[in-house]
Amino acid sequence: MDAAPPDEELMLRFSGGGDAAAFDALYARHRGGVFRYLLRQCGDRAAAEELFQDIWMNLVQARSRYRVEAKFTTYLYTLAHHRLMDHFRRRKGQELVSLDQDEDDPPELPASATLQPERMAESREQAARLLSLVEALPAVQREAFLLQQEGDLSLEQIADVTGSNREAVKSRLRYALSKLRDGMKDYL
């Protein structure tokens, strides 16, 4: 059985020859993480959807300039980060994050179908608490945490995306995780 090609190979196939199947594979792999990152950063589903579309359109339009200089995820989340910063600059002075969930997108934790209603309610409460804690993190800590969790980026990749250094990212993640653990200690 052949292993799936790495992201960088898929992007090169798309950028060099316009391989639509390669683009489709990249989109399928990364759409969920990118969208969740945007949604949790800007807190507005409509804005996140618009930003999401812009990022993928930018990727398509810039494909001929793509060079493998880092992991594809670093490239993709750098595009997302820059587009998000543009969005925030345009909305200067407004609240940056609100994690209000739509009825059709409730927070969920993985759970067995055989759980009792009380346990399911407790799981929803835990998920809501975690989302609330993530929302309350300072912006730089929240961004580092979401890039790690949603984008599966390394410390070095997060530093590249945010224009920081590795130690600053490491510190931000350490403080974010500490705050999240403290906030969730009643559930552990």
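Residues numbered from 1 in each chain as written. Predicted model: local features only at pLDDT ≥ 70, side-chain atom pairs only at ≥ 80, totals over all residues. Heavy atoms only, no water.

**Observations regarding the overall build of the protein**
Across its full length, the protein carries eight helices and zero strands. Looking at the protein residue by residue over its 188 residues, the buried ones come to 38%. Partitioning the contacts of the protein with sequence separation of at least 6, the portion at a separation of at least 24 is 65%. Of the roughly 11,000 Å² of accessible surface on the protein, 49% is carried by carbon and sulfur atoms. (Helix = DSSP H or I, 4+ residues; strand = E, 2+ residues; numbered from the N terminus. Buried < 20%, exposed > 50% of the residue type's maximum accessible area, 1.4 Å probe, protein only. Contact = heavy atoms within 4.5 Å. Areas by Shrake-Rupley, 256 points an atom, 1.4 Å probe, with all protein chains shown as cover.)

**A few points about the confidence of the model for the protein**
When pLDDT is averaged across the protein, the result is 81; 82% of the residues are at 70 or more. In the model, residues 94-104 has pLDDT below 50 throughout and makes 22 contacts with residues more than four positions away in sequence or in other chains. (pLDDT = per-residue confidence, 0-100.)

**Observations concerning the nonpolar core**
Nonpolar side chains tend toward joint burial in soluble globular proteins. Judged by nonpolar contacts, the single largest core of 43 residues is most densely connected at Tyr37 and Leu38. It is helix α2 (residues 20-42) that provides the largest number of residues to this core, a total of nine residues. Not counting the four nearest positions on each side in its chain, tyrosine 37 is found in contact with Tyr77, Ala80, His81, Leu84, Glu143, Leu146, Leu147 and Glu150. (Core = buried A, V, L, I, M, F, W, Y, C linked by side-chain atoms within 4.5 Å.)

**What to know about helix α7 (residues 155-162)**
Within α7, six of the eight residues are buried, which leaves it mostly tucked inside the rest of the structure. Residues of α7 that are buried in the fold lie against α4 (72-90), α6 (139-151) and α8 (166-184). Immediately beyond the C-terminal end of α7, within one or two residues, lies glycine 163, with a positive phi of roughly 75°.

**Describing the pattern of salt bridges**
Per the stated rule, a full pass over the model turns up ten salt bridges. Residues aspartate 19 and arginine 13 are paired through a salt bridge, measuring 3.2 Å at the closest nitrogen-oxygen approach. Measuring nitrogen to oxygen at the nearest pair gives 3.2 Å for the salt bridge that ties glutamate 150 to arginine 40. One end of the pair, glutamate 150, is in helix α6; the other, arginine 40, is in helix α2, and 110 residues separate them in sequence. Residue arginine 40 is classed as buried on the basis of its relative accessible area of 16%. Members of the salt-bridge network, linked through shared partners, are Glu9, Arg13 and Asp19. (Salt bridge = Lys/Arg side-chain N within 4 Å of Asp/Glu carboxyl O.)

**Some details on the packing of helix α1 (residues 7-17) against α2**
Remark: α1 packs on α2, axes separated minimally by 8 Å, with the N-to-C direction vectors making an angle of 140°. Considering their axes alone, α1 and α2 lie oblique with respect to each other. Here the hand of the crossing between α1 and α2 comes out left-handed. Here Asp7, Leu10, Met11, Arg13 and Phe14 of α1 come into contact with α2, specifically with Ala22, Phe23, Ala25, Leu26, Arg29 and His30. (Axes fitted to C-alpha atoms, helices over the stretch in contact; angles between N-to-C directions. Parallel < 35°, antiparallel > 145°, perpendicular 65-115°, else oblique. Left-handed = near helix turned anticlockwise from the far one by under 90°.)

**A word on the side chain of histidine 81**
Structurally, the position occupied by histidine 81 is in helix α4. In this structure histidine 81 comes out as buried when scored by relative accessible area, which is 7%. Not counting the four nearest positions on each side in its chain, histidine 81 is found in contact with Tyr37, Glu143, Val161 and Thr162.

**Here's the deal with helix α3 (residues 45-61)**
With 17 residues, α3 extends 24 Å between its outermost C-alpha atoms, agreeing within 8% with the 24 Å of an ideal straight helix rising 1.5 Å per residue. Three or more residues of α3 are buried, namely Ala47, Ala48, Leu51, Phe52, Ile55, Trp56 and Leu59. Along the long axis of α3, the arc covered by the buried residues comes to 160°, so they all point the same way. When the buried face of α3 is taken as reference, the exposed residues oriented beyond 90 degrees from it are Ala46 and Gln61. Looking at the buried positions of α3, the neighbouring elements they touch are α1, α2 and α4. The opening residue of α3 is aspartate 44, an N-cap whose side-chain oxygen sits 3.1 Å from the backbone nitrogen of alanine 46. (Expected span 1.5 Å × (residues − 1). Arc of directions from axis to C-beta. Polar contact = N/O pair within 3.5 Å; in protein donor to acceptor, adjacent residues only side chain to side chain.)

**Section: the packing of α4 against α7**
For any two helices packed against each other, the geometry is given by the interaxial angle and the distance between the axes. Viewed as axis vectors pointing N to C, α4 and α7 meet at an angle of 35°, and their least axial separation amounts to 8 Å. For the pair α4 and α7, the crossing hand works out as right-handed. Here α4 contributes Thr73, Thr74, Tyr77, Thr78 and His81 to the contact with α7, which in turn contributes Gln157, Asp160, Val161 and Thr162. Its residues assigned to classes, the contact of α4 with α7 comprises two nonpolar, six polar and one charged. (Nonpolar A, V, L, I, M, F, W, Y, C, P; charged D, E, K, R; others polar.)

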